[in-house]
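# Summary of structural features
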Amino acid sequence: MKLLLLNIPLGPYATTDAPVAITRVIENLDPALDCETSFYDVYLETPTLEQILARVKAFEPDVIGLSAILSHNYGYVKKLSLYLKENYPRAVQVLGGEMASVGNIVVRRTAVDFCVTGESEPTFSALLGRLKESDFHLEPRARFKDIPGLIFMLDGESHFTGYATEKREVLQINYDLVARFSNINHYLEPAFSGQRLRRSYNKTEMDDFFVEHFRPENLHKLIGQVSASIGCVAKCTFCHRFYKGYTAADPKSVNDYIDMLVEKYDVGTIFFWEENWGSDKKATRQIVEHLKARRLNWIAGATRVSTIDDETIREWKEAGCVQIGFGIETGSQKILDTMEKKTTVRQNVEALRSCYRHRLLTCVLVLLGMPGETEETVDETIRNLSTALPEDIRLPYDMAINFFQAIPGTPGYEYARAVGLIGSSLDEEERYLEGLYDVDASSIKHYLNFTDYEREEIVYWRHYVLLELTAAYMRKHGVLNCLRHRKARRYKYALVYMSLPRPVRRFLLKYGEALWYFGLGGFSSLLYRKVFRARPKRFSGVDRSLRALLRAAPLPIRDDDRNTAVLRAGR
Ligand code: B12
Ligand code: SF4
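On a predicted model such as this, the values are computed, not experimentally measured, just so you know. (Residues numbered from 1 in each chain as written. Chains lettered and ligands numbered in written order. Predicted model: local features only at pLDDT ≥ 70, side-chain atom pairs only at ≥ 80, totals over all residues.)

Secondary structure summary: the protein contains 23 helices and 15 strands in total. The globule rule puts the C-alpha radius of gyration for 571 residues at 25 Å, and the 25 Å found for the protein is close to it. Taking the principal axes of the C-alpha coordinates as reference, the protein spans close to 75 × 65 × 45 Å. Expressed as a percentage of the 571 residues in the protein, the buried residues total 44%. Considering only contacts within the protein whose residues lie at least 6 apart along the sequence, 78% involve residues at least 24 apart. (Helix = DSSP H or I, 4+ residues; strand = E, 2+ residues; numbered from the N terminus. Rg over C-alpha atoms; globule rule 2.2 N^0.38 Å. Buried ≥ 20, exposed ≤ 12 C-beta atoms within 10 Å, placed from the backbone. Contact = placed C-beta atoms within 7 Å.)

Structure representation (structure tokens):
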């Protein structure tokens, strides 16, 4: 049997995050299947459809596996899948990854024959085994009903066989497989000259940071990705995963893997790329001690603010940590509650302060536009986050500010359907998914408006938060001092901006940006709507979890979704 795996690009530019989902799928396949597997790194190589087809024809697979870890890429999957079916009809198409949360739509509207939910195993091997037995004929489809974890068309309806039992194993990325099928130099990049740390911060400001905070021997060594856990202890209302709960890896196996990376690949910095680094305190301590003993540098990709304290951060710094990522999201408790983030504004502020106190890099991630967001909550975010600024002017200070996106399998998405922002029919839902492809979350273009303002009136929120926090930073450190030390252009913009009184600068930014972004036509239409068609008050009063709101008023189940509606609740 021949299996060709293709990863669906997340966007136009290849990431340096290695294709771990693919290596896991390959490694986990049942050896008894005797499967000849190949992987085409579509995300890295950005081929045309014709080039993908040429690769398919050259390999002649019986099964094409599409790895769609992002539901946003439905539009791409549809195009690719239909094209491949037309030009290479003999392969069975199987899709895995988060996009299976809209399996109902995928199996109805694309040429994908099966969606695999959750981890690939044991579902994928069971499916491949069954396909092999029948020489890759799909009929009668009832034969697949007993394999848990599948979504497929059965008697004209989409059918979900229920979730499979997870293996609950934390597996590491297999770099040998990456090297075999792709360009490993792209994924194992040197700390100093690579993009991993530079892409979120002003590049010119990073050189000093590297020299000051990295152990000299690690500066030019590679960064390797490691997982010390899988899953998350929380269930935020905008976040979807198939993996239920949280599992920490055996710390010894993590430490052994780190040693292998150091010895075999000359890795000097470890990037823990899971969502919940540090939630299991005992296991984390053993790994941190090991990192310290080996004089490595390391990055905690995502840590919950509720799991750390000042002392822990001090210890991590001493053990070689250079950066911690936090999902700060907002400085408003009301918004944290609608997110069901299970953290407090105080914890957010304390986490940032501790990070800066111990001179660790962090990027302030802010999510704007959840239901309940108002001008007041945005001001609250600015007010609270401006109390947590770096003490040391040489430490890069940056933030990434996005608008909320409704993702399938989350309460946020179901809420958008409930309030009519995503239409109720299958066609309308598909249209929304198609529109998500290649969308930059920092742009308001595809933001479903969950506020009581017109979109033209809130487009300025991103720059407003950015400039106000930059202005607060400049006030703290002195304007001249900042201009001398900080190279990013926003300090120059902020200087002009902060020279005006706050109501004036806010007014100018708000209407200037509306005009710039939506043009004169959009601006006039905004004025017309403000005078003649005021928006009803719908969202500003939302102040509790979106999940709780949906529980109180559940959505009716559509006929086409009868067997798959359970996927909408996530896990
Ligand atoms: C790494 C990562 C990234 C990397 C991608 C790296 C890469 N090379 O693929 C980067 C940084 C680029 C990224 C970006 C974004 N990400 Co991201 N990211 C992740 C993260 C942390 C890990 C993904 C991963 O590889 N997991 C590990 C593997 C082992 O698990 P897996 O992907 O689920 O794969 C398993 C199964 O799904 C299945 N499977 C997967 N493929 C296949 C294929 C076949 C044939 C089969 C049978 C099975 C199968 O088997 C695998 C092994 O068990 C996840 C969270 C998570 N822990 O999953 C979020 C996640 C995928 N990201 C998410 C989001 C929202 C984003 C952004 C859109 C954020 C934003 N708003 O900007 C951006 C995309 C922007 C853009 N357009 O570029 C969401 C997606 C939600 C959804 N339903 O679509 C996730 C799930 C986080 C979350 N919980 O909200 N991300
Ligand atoms: S957003 Fe972060 S904290 Fe919330 S559920 Fe997702 S991974 Fe966990």
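There is more to say after this.
Before going further, it helps to spend a moment on the sheet that holds strand β8 (residues 222-226). Here we have 6 strands laid out as an open sheet, ordered β8-β11-β12-β13-β14-β15, and parallel in their pairing. Of all the strands in the sheet, the pair left with one neighbour each is β8 and β15 (398-403). For this sheet, the mean inter-axis angle between neighbouring strands, taken without regard to orientation, is 15 degrees. The strands touched by helix α10 (residues 251-265) within the sheet are β8 and β11 (267-272), with β8 carrying the most contacts at an inclination of about 155 degrees. (Pairing = 2+ DSSP bridges. Axes fitted to C-alpha atoms, helices over the stretch in contact; angles between N-to-C directions.)

Further remarks concern the site of ligand 2. Every residue lining ligand 2 is accounted for by C232, A234, K235, C236, C239, E275, R304 and G327. Taken together, the residues of the shell around ligand 2 break down into 4 nonpolar, 1 polar and 3 charged. (Near = placed C-beta within 6 Å. Nonpolar A, V, L, I, M, F, W, Y, C, P; charged D, E, K, R; others polar.)

This paragraph deals with the site of ligand 1. The full set close to ligand 1 counts 34 residues, and G11, D17, G65, S67 and G96 are the nearest of them. Residue assignment for the shell around ligand 1 shows that the elements contributing at least two residues are α1 (20-28), β3 (63-67) and β4 (92-96). The leading source of residues in the shell around ligand 1 is α1, at 4 residues. By residue class, the composition of the shell around ligand 1 is 14 nonpolar, 14 polar and 6 charged.

Here the focus is the domain arrangement of the protein. Taken as a whole, the protein is organised into domain 1 (2-168) and domain 2 (188-452). Measuring from the centre of the C-alpha atoms in domain 1 to the corresponding centre in domain 2 gives 29 Å. Mapped by element, the contributors of at least two residues to the side of domain 1 that touches domain 2 are α4 (74-87) and α5 (103-109). Looking at the side of domain 1 that touches domain 2, the element that brings in the most residues is α4, giving 3 residues. Along the lines of polarity and charge, the residues of the side of domain 1 that touches domain 2 split into 6 nonpolar, 9 polar and 5 charged. (Domains from an automatic or database assignment.)

Once that is clear, we can look at the pairing of β11. Within β11, 6 of the 6 residues are buried, leaving the element largely enclosed by the surrounding structure. In terms of strand pairing, β8 meets β11 through 5 bridges, oriented parallel. What sits directly across from V226, in β11, is F272. Handedness of the crossover joining β11 and strand β12 (residues 297-303) through helix α11 (residues 281-293) is recorded here as right-handed. (Right-handed = clockwise from strand over helix to strand, strands pointing away.)

With that out of the way, let us pick up helix α15 (residues 375-385). Along an α-helix, residues three or four positions apart point the same way, because every turn accommodates 3.6 residues. Those residues of α15 that fall on the buried side of the exposure criterion are T377, V378, T381 and L385. The arc that holds every buried residue of α15, seen down its axis, measures 105 degrees, which confines them to one face. In this structure, the buried residues of α15 make contact with α13 (333-339), β14 (363-368) and α19 (461-477). (Arc of directions from axis to C-beta.)

Before going further, it helps to spend a moment on the packing of α19 against helix α21 (residues 490-498). Close contact between α19 and α21 brings their axes to 9 Å; oriented N to C, the two are set at 90 degrees. Taken together, α19 and α21 sit at an angle that is classed as roughly perpendicular. Along the contact surface, α19 presents L466, L467, T470, A471 and M474, while α21 presents R490, Y491, Y493, A494, Y497 and M498. For the contact of α19 with α21, the class distribution of residues is 9 nonpolar, 1 polar and 1 charged. (Parallel < 35°, antiparallel > 145°, perpendicular 65-115°, else oblique.)

This next bit is on the sheet that holds strand β6 (residues 150-154). The 7 strands lie next to each other as β2-β1-β3-β4-β5-β6-β7, forming an open sheet whose pairing is mixed. Bordering the open sheet on either side are β2 (36-40) and β7 (157-160), each of which pairs with just one other strand. Here the strands of the sheet are splayed against their neighbours by 25 degrees on average, with no regard to which way each runs. Pairing geometry for strand β1 (residues 2-7) and β3, over 5 bridges, is parallel. Paired with N7 across the two strands is S67, which belongs to β3. Here α1 sits on the sheet in contact with β1, β2, β3 and β4, set at roughly 140 degrees to β3. Across the face of the sheet, helix α3 (residues 49-59) comes into contact with β1, β2 and β3 while running at roughly 165 degrees to β1.

Core analysis: the largest hydrophobic core is formed by 141 residues, its most contacted members being V77, L95, V106, C115, L127, I270 and F272. Here this core takes 8 residues from α19, the largest share from any one element. Residue contributions to this core reach at least three from each of two domains, namely domain 1 (2-168) and domain 2 (188-452). What I270 contacts, discounting residues up to four positions off in sequence, is G224, V226, I258, L291, L296 and W298. (Core = buried A, V, L, I, M, F, W, Y, C linked by C-beta atoms within 7 Å.)

Quick look at the environment of R359 now. Here R359 is to be found in the loop between α14 (345-357) and β14. In this structure R359 comes out as partly exposed when scored by C-beta crowding, with 16 C-beta atoms within 10 Å. In the structure, R359 is positioned 36 residues away from L395 in sequence and 6.8 Å away in space, judged by C-alpha atoms.

What follows covers unusual backbone geometry. That bond from E121 to P122 is cis: its omega, 10 degrees, falls within 30 degrees of zero. In this fold, P122 is placed in the loop between β5 (114-116) and α6 (123-133). Going from E139 to P140, the amide bond is cis rather than trans, its omega being -10 degrees. Residue placement: P140 occurs in the loop between α6 and β6. Although it is not a glycine, D266 adopts a positive phi angle of roughly 55 degrees. Within the fold, D266 resides in the loop between α10 and β11. According to the C-beta neighbour criterion, D266 is partly exposed, with 13 such atoms within 10 Å. Not every positive phi belongs to a glycine, and R295 is a case in point at roughly 55 degrees. Here R295 falls in the exposed class, since 12 other C-beta atoms lie within 10 Å of it.

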